[in-house]
Amino acid sequence: MNIPADLKYTQDHEWVRVEGDVAVVGVTDFAQGELGDVVFVEIETEGETLDKGETFGTVEAVKTVSDLFMPVGGEVAEFNEDLADDPELVNKDPYGKGWMIKVNIADASELDDLMDADAYKAMIEA
């Protein structure tokens, strides 16, 4: 299982890559494996400002539909439009082309509440 060391992680299996004051967000390799084949990603919050923990969208797989949660508060600045036509990118490349949203971070201190790769690995192995 791929758990990149340069990312931050949530207990809800989202990952965060910080690029300046922007957080790029997606679901982890573990999460996409648990979901199975992703068939649809619905994100209708682009342009909205959401708090940490609020739902920013849903991911639909053959097995289930799961909510996606904001790892940090801020404005949803961009949705990965490629997922509209190719939702399988979440399965194929969860940390690259399968990213979901970019968030303008409102409070960078919220990043301190996220897990590093070692803590995330320990959580999913528990």
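Refer to the structure above for everything that follows.
K.L.:
Can you break down the sheet that holds strand 3 (residues 22–27) residue by residue, with the values?
P.N.:
If you trace the six strands from one edge of the open sheet to the other, you get 1-2-3-9-8-5, paired in antiparallel fashion. In the strand order of this sheet, the two ends are held by strand 1 (8–9) and strand 5 (49–50), each with one partner.

K.L.:
I'd like a rundown of unusual backbone geometry, residues and numbers included.
P.N.:
If you check the backbone angles, His 13 has positive phi at about 75° while not being a glycine. Position of His 13 among the secondary structure elements: in the loop between strand 1 and strand 2 (14–19).

K.L.:
Can you tell me about the side chain of Thr 10, naming the residues and giving the values?
P.N.:
Its location among the elements puts Thr 10 in the loop between strand 1 and strand 2. When sequence neighbours within four positions are dropped, the list of residues in contact with Thr 10 reads Pro 71, Leu 114, Met 115, Tyr 120 and Met 123.

K.L.:
How would you sum up a negative patch on the surface? Please name residues and give values.
P.N.:
Among the surface-exposed residues, Glu 46, Glu 75, Glu 78, Glu 81, Asp 82 and Asp 85 lie close enough to one another that they form a single negatively charged patch. Mapped onto the negative patch, the elements with two or more residues apiece are strand 8 (74–79) and helix 2 (82–85). Along the polypeptide, Glu 75 turns up in strand 8. Relative accessible area serves as the criterion here: at 33%, Glu 75 is assigned to the partly exposed category.

So, how was this worked out
- Residues numbered from 1 in each chain as written.
- Predicted model: local features only at pLDDT ≥ 70, side-chain atom pairs only at ≥ 80, totals over all residues.
- Heavy atoms only, no water.
- Pairing = 2+ DSSP bridges.
- Helix = DSSP H or I, 4+ residues; strand = E, 2+ residues; numbered from the N terminus.
- Contact = heavy atoms within 4.5 Å.
- Patch = residues over 30% accessible without salt bridge, like charges linked within 9 Å, V, L, I, M, F, W, Y side chains within 5 Å.
- Areas by Shrake-Rupley, 256 points an atom, 1.4 Å probe, with all protein chains shown as cover.
- Salt bridge = Lys/Arg side-chain N within 4 Å of Asp/Glu carboxyl O.
- Lys, Arg positive; Asp, Glu negative; His and termini not counted.
- Charge placed at Lys NZ, Arg CZ, Asp CG, Glu CD.
- Buried < 20%, exposed > 50% of the residue type's maximum accessible area, 1.4 Å probe, protein only.

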